[in-house]
Amino acid sequence: MATQLLAYPFDPYHSIVEHQQHAALDKQFGATASFIGTMRDFNDNTNVSSMVLEHYPEMTQHYLDKLEQQARQKWDLLDVLIIHRVGRINPANPIVLIACWSAHRRAALDACAWLIEELKHNAPFWKKETGQDGERWVEKNTDGF
Amino acid sequence: MATQLLAYPFDPYHSIVEHQQHAALDKQFGATASFIGTMRDFNDNTNVSSMVLEHYPEMTQHYLDKLEQQARQKWDLLDVLIIHRVGRINPANPIVLIACWSAHRRAALDACAWLIEELKHNAPFWKKETGQDGERWVEKNTDGF
Amino acid sequence: MSIQVKFFASLREKMGITETKIETASTAGEVWDMTTNNADRPLNVLVAVNLEYAQYDSQVSDGDEVAFFPPVTGG
Amino acid sequence: MSIQVKFFASLREKMGITETKIETASTAGEVWDMTTNNADRPLNVLVAVNLEYAQYDSQVSDGDEVAFFPPVTGG
């Protein structure tokens, strides 16, 4: 399975290296593009001390698997790894990892950028932040800027 | 210095983690995009057993520093790390690492893709491959596809 | 047979429903009406039928799973 | 004072020159002519003056460093 939903903290770079070793990709890939989303300790000008990521487990898994398949259809990828946290998350903890391997650079770079955009807009996850004024649901994601 | 030219093998993910720890970025960045170029054991349908990366040391360092500055002017980046190998390189060895940190995803993703493209087209490096038929200079880079 | 209905995140809290079942309905909108006691249908609510995005007017059948949730904020 | 001239990669091998000096010249093209014994100026050769990309007709002065090299293939 190249998509994983984790209820505990993970080390994204360790996950990439481990996946790369077990995926028998050795010497065939020329390009690896990755994106890591990390929890910040502020959002919308408010301090955030922790947050909980709720999701719709069956649909999340289904949707991430579908995204991976779509990416593989659109680009010539050798491998894809998607990991997303759920549950309680603290500042500086990684939330999401997307890594794409390909022979040449454009496939990996474009697929990685596309995957995080699709995931942000459509994967059924919801953030509830805990800050100085208590808990609040994040209303919508930023446009990335 | 956030641009490094290395004459020995390096572990790109270790470099990212180490840089991240020392860059006092903790809890401020929400996005990290990275690209790693790795030596494959074939190119243009020919097996390649090793290669030597020649460069123009003063200009390379100058050019990579300038690229980093340009990227920081174009995008709101918290940090940039560029590492490039020189000297003899073996298949599966990383050749180049580009990592960009930002608050939101688009800056890191776009800067990372732009940097590898600029580096590929303009940074004064030259690959000489050793294969079954001896040595040959790589004539030009692929367009990334 | 029956239709499984799920609510998530702020909508789950607002409606006070996590999961429920209804006997039958013909559209996702009807499922909403029956499970929320005819609450107004919010414009920005997302609807999923059997784990795929759908609309209020999407058909539903016995055995389906219908979910309602607010805009997503993952990643 | 003088002008420092460098050749890289396949061009270095082809011309048999790694580094040399000339007394003076007014353009990068003149530097090429003087150091290569008037060899044809290849169209795809890249020219750098003081570590910045330049052209055959770029001006050069005493103390400058001029480099000639083939299309780059890093990354």
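Anyway, here's the lowdown on the structure attached to this text.

## Digging into the overall build of chain A
Phase 1: When helices and strands are tallied, chain A shows 3 helices and 9 strands.
Phase 2: Mapped from its N terminus to its C terminus, chain A presents α and β elements in the order β-α-β-β-β-α-β-β-β-α-β-β.
Phase 3: Since a compact globule built from 145 residues should have a radius of gyration of about 15 Å, the 16 Å found for chain A is in line with a globular shape.
Phase 4: Counting only C-alpha atoms and orienting by the principal axes, one finds that chain A spans roughly 50 × 30 × 25 Å.
Phase 5: Among the 145 residues that make up chain A, the fraction classed as buried is 59%.
Phase 6: Summed over its atoms, the accessible surface of chain A is roughly 6,100 Å², and 47% of this surface lies on carbon and sulfur atoms.
Phase 7: Positive and negative charge centroids in chain A, built from 14 and 19 side chains respectively, lie 3 Å apart.

## Remarks on the interface of chain A and chain C
Phase 1: At the interface, 27 residues of chain A touch 19 residues of chain C.
Phase 2: Between chain A and chain C we count 4 salt bridges in total.
Phase 3: Of the charged contacts, one joins K6 of chain C and E58 of chain A as a salt bridge, the two residues approaching to 3.7 Å between their closest N and O atoms.
Phase 4: Summed over the shared surface of chain A and chain C, the result is 14 residue pairs in polar contact (both at pLDDT 80 or more).

## Details of the side chain of R105 of chain B
Phase 1: Position of R105 of chain B relative to the elements: it lies in helix α3 (residues 105-122).
Phase 2: Engagement of the side chain of R105 of chain B in a polar contact is seen with the side chain of E117 of chain A, the distance being 2.9 Å.

## Observations regarding the pairing of strand β7 (residues 94-102) of chain B
All names here are of chain B.
Phase 1: The element β7 is largely enclosed, with a buried count of 9 among its 9 residues.
Phase 2: Two elements, strand β2 (residues 31-38) and β7, share 8 bridges in a ladder whose sense is antiparallel. Within the sheet, the bridge partner assigned to F35 lies in β7 and is I98.
Phase 3: In terms of strand pairing, strand β5 (residues 79-85) meets β7 through 6 bridges, oriented antiparallel. Note that in β7 the partner of D79 across the bridge is W101.

## Structural notes on the relation of the copies chain A and chain B
Phase 1: After a rotation of 180° and a shift along the axis of 0.0 Å, chain A superposes on chain B with an RMSD of 0.0 Å. Taken together, the rotation and translation relating the two chain copies correspond to the operation of a two-fold axis.
Phase 2: Interface overlap between copies: 100% of the residues of chain A at the interface are likewise at the interface in chain B, consistent with a symmetric, same-surface contact.

## Examining the packing of aromatic side chains
Two numbers describe a pair of aromatic rings. These are the distance of the centres and the angle of the planes.
Phase 1: Here the structure, examined in full by the defined rule, presents 25 aromatic pairs over all chains.
Phase 2: Where Y63 of chain B meets Y53 of chain D, the ring centres are 6.3 Å apart and the plane angle is 85°; that geometry is what we call edge-to-face. Of this pair, Y63 of chain B sits in helix α2 (residues 57-74) while Y53 of chain D sits in strand β4 (residues 52-54), on two different chains.
Phase 3: The exposure class of Y63 of chain B is buried, given its relative accessible area of 8%.
Phase 4: Grouping aromatic residues by their ring pairs yields a cluster made of Y56, Y63 and W126 of chain A together with F8, Y53 and F69 of chain C.

## Some points on the interface of chain A and chain B
Phase 1: In this assembly, 37 residues from chain A lie in contact with 37 residues from chain B.
Phase 2: Buried surface at the junction of chain A and chain B, summed over both partners, amounts to about 3,400 Å²; 57% is from carbon and sulfur atoms.
Phase 3: Joining chain A to chain B, the criterion identifies 4 salt bridges.
Phase 4: Its salt-bridge partner being R105 of chain B, residue E117 of chain A comes within 2.9 Å of it at the nearest N-O pair.
Phase 5: Inspection of the chain A/chain B interface yields 9 residue pairs in polar contact (both at pLDDT 80 or more).
Phase 6: Contributions of two or more residues to the side of chain A that touches chain B are made by α1 (12-22), β2 (31-38) and α3 (105-122) of chain A.
Phase 7: The residue inventory of the side of chain A that touches chain B, partitioned by class, reads 17 nonpolar, 11 polar and 9 charged.
Phase 8: When β2 of chain A meets β2 of chain B, the two strands line up antiparallel, connected through 7 bridges. Across the sheet, F35 of chain A pairs through a bridge with A33 of chain B, a residue of β2 of chain B.

## Remarks on the sheet that holds strand β1 (residues 3-6) of chain A
Phase 1: Taken together, the 8 strands give an open sheet; going across it, the order is β1(A)-β5(A)-β7(A)-β2(A)-β2(B)-β7(B)-β5(B)-β1(B), and neighbouring strands pair in mixed fashion. Both edges of this open sheet fall to β1 of chain A together with β1 (3-6) of chain B, since each of them pairs with a single strand only. On average, each strand axis in the sheet is tilted by 10° relative to the strand beside it, whichever way the strands run.
Phase 2: Its contacts with the sheet put helix α1 (residues 12-22) of chain B on β2 of chain A together with β2, β5 and β7 of chain B, and the angle it makes with β7 of chain B is roughly 30°.

## Quick notes on the packing of helix α2 (residues 57-74) of chain A against α3 of chain A
Residue and element names in this part refer to chain A.
Phase 1: With their axes 11 Å apart at the nearest point, α2 and α3 run at an angle of 150° to one another. Between α2 and α3, the interaxial angle falls into the category roughly antiparallel. Relative to α3, the crossing made by α2 is right-handed. Packed against α2, whose contacting residues are Y63, L64, L67, E68, Q70, A71 and K74, the element α3 presents W114, L115, E118, L119 and N122 at the interface.
Phase 2: Taken together, the residues of the contact of α2 with α3 break down into 7 nonpolar, 2 polar and 3 charged.

Procedures and definitions
Residues numbered from 1 in each chain as written. Chains lettered and ligands numbered in written order. Predicted model: local features only at pLDDT ≥ 70, side-chain atom pairs only at ≥ 80, totals over all residues. Heavy atoms only, no water. Helix = DSSP H or I, 4+ residues; strand = E, 2+ residues; numbered from the N terminus. Rg over C-alpha atoms; globule rule 2.2 N^0.38 Å. Buried < 20%, exposed > 50% of the residue type's maximum accessible area, 1.4 Å probe, protein only. Areas by Shrake-Rupley, 256 points an atom, 1.4 Å probe, with all protein chains shown as cover. Lys, Arg positive; Asp, Glu negative; His and termini not counted. Charge placed at Lys NZ, Arg CZ, Asp CG, Glu CD. Contact = heavy atoms within 4.5 Å. Salt bridge = Lys/Arg side-chain N within 4 Å of Asp/Glu carboxyl O. Polar contact = N/O pair within 3.5 Å; in protein donor to acceptor, adjacent residues only side chain to side chain. Pairing = 2+ DSSP bridges. Least-squares fit on C-alpha atoms with pLDDT ≥ 70 in both. Phe/Tyr/Trp six-rings, centres within 6.5 Å; stacked < 30°, edge-to-face > 60°. Buried area = accessible area lost by both parts, 1.4 Å probe. Nonpolar A, V, L, I, M, F, W, Y, C, P; charged D, E, K, R; others polar. Axes fitted to C-alpha atoms, helices over the stretch in contact; angles between N-to-C directions. Parallel < 35°, antiparallel > 145°, perpendicular 65-115°, else oblique. Left-handed = near helix turned anticlockwise from the far one by under 90°.

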